[in-house]
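# Survey of secondary and tertiary structure
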Amino acid sequence: MSPLVARFVRRLSRLVFSTSILLPLFPTALHAKTAGLVAIEIYPGHNGQDYQQIADFILNGKNEVSLCGAAVTGIDKNAYHKLGKATLAAGLSLERTSDGVLMLTGGTTAPACVVPGNLKFDKGGSFTAAELADKAEIEGRVVNGSDPSAAQIVPIKPGAKIVFVAAPDQEFAEYLRADRAAAISAWQAYFTAYPAGAHAAAAKKSLAALFLADGTADLQAYAASKSGGAPDYGKLKDARHAADQAHSLVLDDPAVADLSQKIHAEVLALSASAREKLNTYQQAFKQQTAGYAGLVAAENLANGAFGAEPATPEALAAESETKQARAAFDTILHNCDAQLAAEQPDEAAQTITPLRSFTLENPKVADDLKAISGLYLSNARKLEDGPDWPGVVKELEKAEAVLPSADTEAFLKTAREQALMAANKAAADAATQKSQTAEANNDIVTAYEVLADLPSDQRSLVSARIDTLKDRYVPAAEQAATGLQKAHEPINGIGDESGIRAAYAYLQRCYQITSDPALQDRIAILGEDLSTYDLQQGKRYAEKPDGTGVNVGWVYLTEALQYKSPTDSGAIHDEMTTVRTAHLLKSRLSVKVDFRDQTSRRDAVDFATQLTDALATGLESSGLTVKVIRPQETTSVQPNFQMVGDVLQHEMGKSQSITPKDSMYRFGQEEIPNEAWNEANRDYERANNDLQSARSVLEGAQARGKKSEIKAATETVQDDEKKVEDLHAKLDMIPKVKMQDVERPYTYSQITYSLKIAVALQFRILDSSGEEVVQRIPLQSAETKEYSALQNVKPEDTRGVRNEEVIPNENDFLEADEYKARDELIAKAKEQVAALPGIVLGRADRKAADGDNDGAAELYILYLNSTPVADTAERLKARKFLAEQFNFQEIGQQAPSE
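Quick caveat: nothing in here was measured; it's all calculated off a predicted structure. (Residues numbered from 1 in each chain as written. Predicted model: local features only at pLDDT ≥ 70, side-chain atom pairs only at ≥ 80, totals over all residues. Heavy atoms only, no water.)

### Concerning the packing of helix H9 (residues 233-249) against helix H11 (residues 292-308)
Stated precisely, the cut-off is as follows: The angle between two axes is taken between their N-to-C directions and runs from 0 to 180 degrees, where each axis is a line fitted to C-alpha atoms and a helix contributes only its stretch in contact. Helix and strand labels come from DSSP, where a helix needs a run of H or I of at least four residues and a strand needs a run of E of at least two; each type is numbered from the N terminus. For classification, angles of less than 35 degrees are called roughly parallel, those exceeding 145 degrees roughly antiparallel, those between 65 and 115 degrees roughly perpendicular, and all remaining angles oblique. In a left-handed crossing the near helix is turned counterclockwise from the far helix by less than a right angle, and in a right-handed crossing that turn is clockwise. Residues are treated as being in contact if the distance between any of their heavy atoms lies within 4.5 Å. Nonpolar residues are Ala, Val, Leu, Ile, Met, Phe, Trp, Tyr, Cys and Pro. Charged residues are Asp, Glu, Lys and Arg, and all others, Gly as well, are polar.
One way to put it is that H9 packs onto H11 with a least axis distance of 8 Å and a crossing angle of 20°. As summarised for this structure, H9 and H11 are arranged roughly parallel, according to the angle between their axes. Handedness of the H9/H11 crossing: right-handed. For the pair H9 and H11, contact is made by Tyr233, Leu236, Lys237 and Arg240 and by Asn300, Leu301, Gly304, Gly307 and Ala308, respectively. Taken together, the residues of the contact of H9 with H11 break down into four nonpolar, three polar and two charged.

Encoded structure:
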C-alpha cells in the first residue's frame, strides 16, 4: 500500500485491533451487521490488476469479521465463537495474502488476522485461518469495473484486496489499481485519465519511485557492461530518461538528484574520453602515423554521451567534433573515388595522402591505394609499348611510392635499365652529330672533345670515333694552346686567365693521349702562371679591411693549389692559414647576439643576459647553418650579422580585493528525539498487543479445556513473552534522545591577489656595416595571474571551508612569463635567421646591378655556402655570375669544407 492510502485509511478509522479493545469499538447491534457498504475490490485479472466498485457490500451476511489474532491454526467451533469481533466500515480494508490469510488493515496498529463472521461450523474439526477465509462470501452489486466482462462480484482470492469507502470513487479506484500494480504503465494510464486527480501528488511520488528504481538498475547495468569491455550506452540513455521522468514528477527528491548527478558524471567522463581519443586521432592524422582507431573510439564515446544528454555542452562538443572529423575523413575518400573514376591517379594519390598511414586500419584506404597503384601500372604498360622508358619509370616510381610491391619493384628495375640505355644512346647520338658537324667545319678540337667529355657509359658507345679523331686532335690542340699562350701571357685579368686555363686544359688532354714528356714542361709553365696569378688575387682580396673580400680571396687560393704539387705549395698554405679564421666567420652565416636592458630602472640586467644565452643556444641547436657569437667572444673580423635585442619592459604589479563569504560553524550541541528509539518502542508496543491477544486466546482454550488448544496457545504466549522481553532489552540499550550539532552562521574573508605581469622585447638584425637588414621585431606579453587566500576561517566550520591554501611564490609567475617570452623570442629569431640567405641573395643582386662585382661576389659565395647544394634557379644565378665575372667554374657544386 502506498503511504497516501495508509494515511487515508488511518484518517477514516482510528481502530486498534486487539481483543481487549476492539469489542467496544465495533458495536454488534443488528443494523450494524446487516447494513450494506461501498467497497473497491482490486484483484489479479487477465492482464494485470483489475477492480470492481461494489455497492451494498455484505460479507457472509454480516459486515463484521472475527479477529483470529495469533490463532491462525486449530480454530474450531468453540474457539471461533470466542474470537473478538470487528465491524467493517469505510476506511478499513481486507487483503488476502499469498498464503490465503485474510488481513484487516486500519487504525494505527499493525494489520490483524481476521476470518469471516457468521460462519457455520459442522460438528467436530478445526480449521486454519486461510481455510476459514476460503468461506468468505460477498454479496452486493457491481457498480462498475475495469473489466467489463466481470459482471459478477469476483471472489476474494489470494492477492485480492478490498478497500471500504464512503461512496463509489472512480478516480480512487484507478489510483488503487495502479498502486496495486506497482508498474510504470499502470501509473501512466492513471495520469492519462486523471492528470489532476485527488491522489495525483501521491501517484507522482509512486511513479517517480518506479522511474528511480528503473534508472538505478539501468545505470548499474551500464556500469557492469563497461567493466566487461562492451559498454551498453543504451542503458545509460535509458537511465537518463528514467531520471528525467522521475525529476519531472518530484522536483526536490534527493535520491533522484543523486542518480541524475551520477549519470551526468558518466556523460562528462565519456565526453572527455571522446575528446582524448579524437585528439589521438588528430595527432596521428597530422603526424602521418597509425591512429584511425582513435576516431572510431571517439565516435562511439561521443555517441554514447550525446545519446544520453544531447543538451550537455561537453557531450554536444564531443559529438560535433567527431562528426566533423568523420566528415573530413569521408570527404577525402569521396574525392579520391571520384578522381579514380576519372582515371586521375596523380590527383587521387595527392588527395589520399593524409590517410595513407591508416592503411592497415581502414580497408577502404587500402583499396583506394591499390586502385591508384593499379592505374599507374596500367599507364606504365601502355608506355612500354612505345617504348617510352623514361615515362614507364616515372609511372612505376609513382606506383611504388603509393603501394610498394615486389612485382612493381622488379618491373621498375628493368624499366630503369632500359631507360638508361635509351638515354645513353640518345646522348651519344647527339654528341656524334655535333662531332660530325665540327669535323665538317674543320674544328677537330671540338669534334674530339664533344665525344671525350661524355660520361663513361655514353663514351663507350662512340669509342671507335674517338679513336679515329685522337691522332688529329693532338696537333690541333697543341697549336690552339700555343696560340692562347702567346695571346694571354702575362695574365692581367680574367680574360687572360681564361685563355691560359684553356691552353692548360688542351695540353693536359694531349698528354693523356700521347704521354709526351715535352708536354709536361709546357703544362708546368702554364700551371705556374695560373698559380701565381691566383695567389696574387687571393692575397689582394683576403687583405681587404674587416674581411670584406675574404670569400673571393679564399676561392682564388683554393684554385691556386690545383696547379701546384704538395711540395711546392707552401706560400699558398701560409696565406690560407693567415686568413682561415676570417674565412670561417665570413663564408657562412655568422650572427653576434646581444640583448640589452632598456627598462627605465635598469632592473632587467639579469633577464637580458639570460635572453642572450638562451637565444644563442636556441640558434645553435636549431639545425640552421649559422655560427653564433656571444657578446664576450672576440673575433678577428666582424660577423656577417648582429642581432641586437632590447628588454623594454619587465615588471610585475600587484593588487588585492577582499570578498566576504558566509558559512556555518558548530556552536554546540542539543538533544533531539532518537528515531531509532521511537522505532524500537513501536515494535515493543506491537509485541505487547500481540501478547495480550495470545493471552486472550489461551484463556478461551483453558475455558474449553482442550489440551491441544491449550498447548498451542501456551506456546504462542511463551513465544510472544520472549519477543516482548527481547524488544524491551533492545529498547533499554538505545538512548531515548541523541545529541545534534547546533550550527551558527559566520563570515570569513577571501582575499584575491591579482598580479599584472608585463614583458616587452624587441630585436633587429644588422649587417657588419651596421645597416639594418631586418627591422625591429616586437614581442609583448601581458598576463594577469590571480590566487586567493582565506582569512578568519573558524576551525569548527561545517561547510568544508578550510584555511589550507598554499600561497604561491609570486616570482614563479614572473618566471613563467619570462620563459614564455623567451620561447617566443627564440622562435621569431629562428624565423628571421632562416630568412637571412634570401636577404643575402637580394643584396647580392642589388650590388651586381650597381656594378659592385666584388661586393656581389662576396655575398653570392655566402649565399651558396648557406643553402643546400641543389640546382635551384637562385643558386644557378649565383654560380653563373661567379663563373662569368671571376672564372670560378666549380664553386657551389658541393658543400663547402672548413
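### So, the sheet that holds strand S7 (residues 112-116)
The condition that has to hold: Strands are treated as partners if at least two bridges between them are detected by DSSP.
Taken in spatial order, the nine strands of this open sheet run S4-S3-S7-S6-S5-S9-S1-S2-S8, and their pairing is antiparallel. Both edges of this open sheet fall to strand S4 (84-87) and strand S8 (138-145), since each of them pairs with a single strand only. Each strand axis lies, on average, 35° off the axis of its neighbour in the sheet, ignoring direction. Across five bridges, strand S1 (residues 37-45) lies against strand S9 (residues 161-165) in antiparallel orientation. Residue pairing across strands places isoleucine 40 opposite valine 163, the latter belonging to S9. Where helix H6 (residues 170-181) meets the sheet, it contacts S1, strand S2 (48-59), strand S5 (93-96), S8 and S9, and its direction lies at approximately 130° from that of S2.

### Quick look at the pairing of strand S13 (residues 737-767)
Relative to S13, strand S12 (residues 641-673) runs antiparallel, the two being bridged by 31 bridges. By the bridge assignment for S13, glycine 668 is matched with valine 742. Across 17 bridges, S13 lies against strand S14 (residues 772-791) in antiparallel orientation. Within the sheet, the bridge partner assigned to lysine 756 lies in S14 and is threonine 784. Counting the residues that bridge the hairpin from S13 to S14 gives four residues, and of these glycine 770 lies at a positive phi of roughly 95°.

### A short note on the sheet that holds S13
Taken together, five strands build an open sheet; the order of strands is S11-S10-S12-S13-S14 and the sheet is mixed. The open sheet has two free edges, formed respectively by strand S11 (626-629) and S14, since each of these has just one partner strand. The sheet shows a mean angle of 25° between the axes of neighbouring strands, taken without regard to direction. With seven bridges joining them, strand S10 (residues 589-597) and S12 adopt parallel strand pairing. Following the sheet pairing, arginine 596 is matched in S12 by aspartate 646.

### Section: the environment of valine 759
Our working rule: To sort residues, take the accessible area from a 1.4 Å probe on protein chains only and compare it with the maximum for the residue type: under 20% means buried, over 50% means exposed, and anything in between is partly exposed.
By the element assignment, valine 759 lies in strand S13. Residue classification places valine 759 among the buried positions, given a relative accessible area of 2%. With residues near it in sequence (within four places) discarded, valine 759 still touches Phe607, Gln649, His650, Leu779, Gln780, Ser781 and Ala821.

### Comments concerning the pattern of salt bridges
Inclusion rule: The term salt bridge refers to a side-chain nitrogen of Lys or Arg lying within 4 Å of a carboxyl oxygen of Asp or Glu.
Per the counting criterion, the structure on display carries 50 salt bridges. Of the charged contacts in the structure, one is a salt bridge between glutamate 528 and lysine 564, with a shortest N-O distance of 2.4 Å. Here glutamate 528 is found in helix H21 (residues 517-542), whereas its partner lysine 564 is found in the loop between helix H22 (550-561) and helix H23 (570-586), with 36 residues between them in sequence. You can call lysine 564 buried: its relative accessible area is 18%.

### So, the state of the cysteines
Quick note on the threshold: Sulfur atoms of two cysteines make up a disulfide when they are within 2.5 Å.
In the structure shown here, the tally under the stated rule is one disulfide. In this model cysteine 68 forms its disulfide with cysteine 113; the gap between the sulfur atoms is 2.0 Å. Every disulfide takes its handedness from the sign of the S-S torsion; for cysteine 68 and cysteine 113 that torsion is -105°, giving left-handed. Here cysteine 113 lies in strand S7 and cysteine 68 lies in the loop between strand S3 (64-67) and helix H4 (77-81), a separation of 45 residues in the sequence. Comparing cysteine 68 with cysteine 113 shows no difference in burial state: the two are buried.

### Remarks on the confidence of the model for the protein
Applicable threshold: A residue's pLDDT is the predictor's confidence in that residue, given on a scale from 0 to 100.
For the protein, per-residue confidence averages 88 on the pLDDT scale, and residues scoring 70 or more make up 95% of the total. When the criterion is pLDDT under 50, residues 1-33 qualifies, and its contacts beyond four places in sequence or with other chains add up to 68 contacts.

### Looking at the nonpolar core
Formally: Among buried residues, those of type Ala, Val, Leu, Ile, Met, Phe, Trp, Tyr and Cys that are joined through side-chain atoms within 4.5 Å constitute a nonpolar core.
Grouped together as the largest cluster of nonpolar side chains are 81 residues, with contacts concentrated most on Leu615, Met643, Leu761, Leu882 and Phe886. The element that contributes the greatest number of residues to this core is helix H29 (residues 853-866), accounting for eight residues. Not counting chain neighbours up to four residues away, the residues in contact with leucine 882 comprise Ala857, Tyr860, Ile861, Leu864, Asn887, Phe888 and Ile891. Core analysis: the next-biggest nonpolar cluster, separate from the first, contains 44 residues, Ala173, Tyr175, Phe191 and Leu236 among them.

### Some details on the environment of arginine 459
Mapped onto the elements of the fold, arginine 459 is located in helix H18 (residues 456-459). Sequence separation between arginine 459 and glycine 45 is 414 residues, and the spatial gap between their C-alpha atoms is 109 Å. Those residues in contact with arginine 459, other than ones at most four positions away along the chain, are Leu451, Ala452, Leu454 and Ile466.

### Focus: the packing of aromatic side chains
Our working definition: Side-chain rings of Phe, Tyr and Trp, where Trp is taken by its six-membered ring, are said to pair if the distance between their centres is within 6.5 Å; with planes under 30 degrees apart they count as stacked, over 60 as edge-to-face, and otherwise as tilted. The rule is short: NZ of Lys or CZ of Arg within 6 Å of the ring centre and within 35 degrees of the ring normal puts a charge over the ring.
Counting across every chain of the model gives 27 aromatic pairs. Taking 4.3 Å as the distance between ring centres and 25° as the angle between the ring planes, the aromatic pair formed by tyrosine 448 and tyrosine 473 counts as stacked. Placement of the pair is tyrosine 448 in helix H17 (residues 444-452) and tyrosine 473 in helix H19 (residues 463-488), with a sequence separation of 25 residues. Among the aromatic residues, ring-to-ring pairing joins Phe172, Tyr175, Trp187, Tyr190, Phe191 and Tyr194 into one connected group. Directly above the ring of tyrosine 80 sits lysine 85, whose terminal nitrogen or CZ lies 5.1 Å from the centroid.

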